[in-house]
Amino acid sequence: MADTKIVIVEDEEALSTLLEYNLTKEGFTTILAHDGEEGLLCIAEEKPDLVVLDWMLPKVSGIEVCRQLRANRETRNIPVIMLTARAEEADRVRGLETGADDYLTKPFSMNELAARIRAVLRRIRPALMDELVTFGDIEVDRTAHKVRRGGTEVHLGPTEFRLLDHFIQHPGRVFSREQLLNSVWGSDVYVEIRTVDVHIGRLRKALSKHGDGNPIRTVRSAGYALELV
Ligand code: CA
């Protein structure tokens, strides 16, 4: 859960602070944006797992943010939960038509929001929540902290395990070395950028022992992605 990143776009200071506090307590990594424009920039940069988006926002409205996210190939699949003070059914329908995955009317309880977030994540990306995740012939068992390829156990160090677990949550997505450092090592840890290459190398080597081909693709001047061989 700690590597489940949520961008919160909310202009009301008191509510955004409350959201940040509670979602962090629930184990999510949170990033705050205070208006629609900042929200769009932040989402493009952070590529979060989910967006909590207020309807009424300065600069660019929540509806417009949602529309732009859906129109962009890079952000199209990021789930969005809309927050609104309006209770009208017509707005609810409009919100969902714009591409929001769920909808909460203010005031709402933090427990309710956390439950909705989990439900959306589970529905949209089961790999985020499941104990056992498979991708092609690779299987990650989160409970036992074990990895198998083609049915044979692959021995990985803790960093390689976290790297693979991160990739398998977002198959096909390209991550830069900086993004991998932040997600896998954490932004408060100082590690040299080439450390990522070292661990990618180890992960590839371990995975290649028990299967055909290398599933971690190097994307020139961009980073790495997990892909079917
Ligand atoms: Ca607002």
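Predicted, not measured: the structure shown is a model, and the values here were computed from it.

Student: Any chance you could break down the packing of aromatic side chains for me, citing the residues and the numbers?
Tutor: What characterises a pair of aromatic rings is the spacing of the ring centres plus the angle enclosed by the ring planes. Under the counting rule described, the total for this entry stands at 2 aromatic pairs. Consider the rings of Trp55 and Tyr103, whose centres lie 6.3 Å apart with planes at 75°: the pair is edge-to-face. Placement of the pair is Trp55 in the loop between β3 (50–54) and α3 (62–71) and Tyr103 in strand β5 (residues 102–105), with a sequence separation of 48 residues. Tyr103 matches Trp55 in its accessibility class, with the two residues each being buried. Seen in terms of ring centroids, Phe167 and Phe175 are 6.1 Å apart; in terms of plane orientation they differ by 65°. Their pairing is edge-to-face. Residue class for Phe167 comes out buried when judged on its relative accessible area of 0%. Judged by its relative accessible area of 5%, Phe175 is buried.

Student: A description of the domain arrangement of the protein should follow, citing residues and the corresponding values.
Tutor: Taken as a whole, the protein is organised into domain 1 (5–128) and domain 2 (132–226). Computed over C-alpha atoms, the centres of domain 1 and domain 2 are 28 Å apart.

Student: Outline the pattern of salt bridges, supporting the account with residue identities and numerical values.
Tutor: Scanning all chains against the criterion turns up 19 salt bridges. Between Lys59 and Asp35 there is a salt bridge, and its shortest N-O distance comes to 3.8 Å. Residue Lys59 is found in the loop between β3 and α3, and its partner Asp35 is found in the loop between β2 (29–33) and α2 (36–46); the two are separated by 24 residues along the sequence. On the basis of relative accessible area, Lys59 is assigned to the exposed category, the value being 64%.

Student: Could you give an account of the sheet that holds β5, with specific residues and numbers?
Tutor: If you trace the 5 strands from one edge of the open sheet to the other, you get β2-β1-β3-β4-β5, paired in parallel fashion. Taken across any chain shown, the strands that pair with only one partner, and hence form the sheet edges, are β2 and β5. Sheet twist, expressed as the mean angle between neighbouring strand axes with direction ignored, is 20°. Relative to β3, strand β1 (residues 5–9) runs parallel, the two sharing 4 bridges. Looking across to β3, one finds that Ile6 is bridged to Leu50. Sheet strands in contact with helix α1 (residues 13–25) are β1, β2, β3 and β4 (80–84), and its direction is about 170° off that of β2. This element, α3, spans β3 and β4 of the sheet and lies at about 170° to β4.

Student: Tell me about the coordination of the calcium ion, and please be specific about residues and values.
Tutor: Donor atoms from the polypeptide that bind the calcium ion are Asp11 (OD), Asp54 (OD) and Met56 (O), placed at 2.0 to 2.3 Å. Mapping the donors of the calcium ion onto the primary sequence gives the spacing D-x42-D-x1-M. Linking Asp11 in the loop between β1 and α1 with Asp54 in strand β3, this pair joins segments that are 43 residues apart in sequence.

Student: Please give an account of helix α8 (residues 177–185) that cites residues and values.
Tutor: Every buried residue of α8 is listed here: Gln179, Leu180, Leu181, Val184 and Trp185. Buried residues belonging to α8 abut α2, α7 (158–169), α9 (194–208) and β11 (223–226). Gly186 lies just past α8 and shows a positive phi near 100°.

Definitions and limits used
- The residue numbers shown here count from 1 along each chain, following its written sequence.
- With pLDDT at 70 or above as the cut-off, local features in this predicted model cover only qualifying residues; side-chain atom pairs require 80 or more to be listed or tallied, and sums for whole chains, interfaces and linings still use all residues.
- With hydrogens and water set aside, each side-chain value is computed from the structure's full complement of heavy atoms.
- Any two of the Phe, Tyr and Trp rings considered here, Trp counted by its six-membered ring, make a pair once their centres fall within 6.5 Å; the pair's planes then place it as stacked at under 30 degrees, edge-to-face at over 60, or tilted in between.
- To qualify as a helix, a DSSP run of H or I must reach at least 4 residues; to qualify as a strand, a run of E must reach at least 2; elements of each kind are numbered from the N terminus.
- Residue exposure (1.4 Å probe, protein chains only): buried if accessible area is under 20% of the type maximum, exposed if over 50%, otherwise partly exposed.
- Note that domain bounds follow an automatic or database assignment of domains.
- Here, a salt bridge means any side-chain nitrogen of Lys or Arg that lies within 4 Å of a carboxyl oxygen of Asp or Glu.
- Criterion used throughout: strands pair if DSSP finds at least two bridges between them.
- To define axes, lines are fitted to C-alpha atoms, for helices over the stretch in contact only, and angles between the resulting N-to-C directions are given on a 0 to 180 degree scale.
- Throughout, a residue-residue contact means that at least one pair of heavy atoms, one from each residue, lies within 4.5 Å.
- Note that water is not among the atoms used; donors are N, O and S atoms within 2.8 Å of the metal (3.2 Å for Na, K and Ca), so sites may look incomplete.

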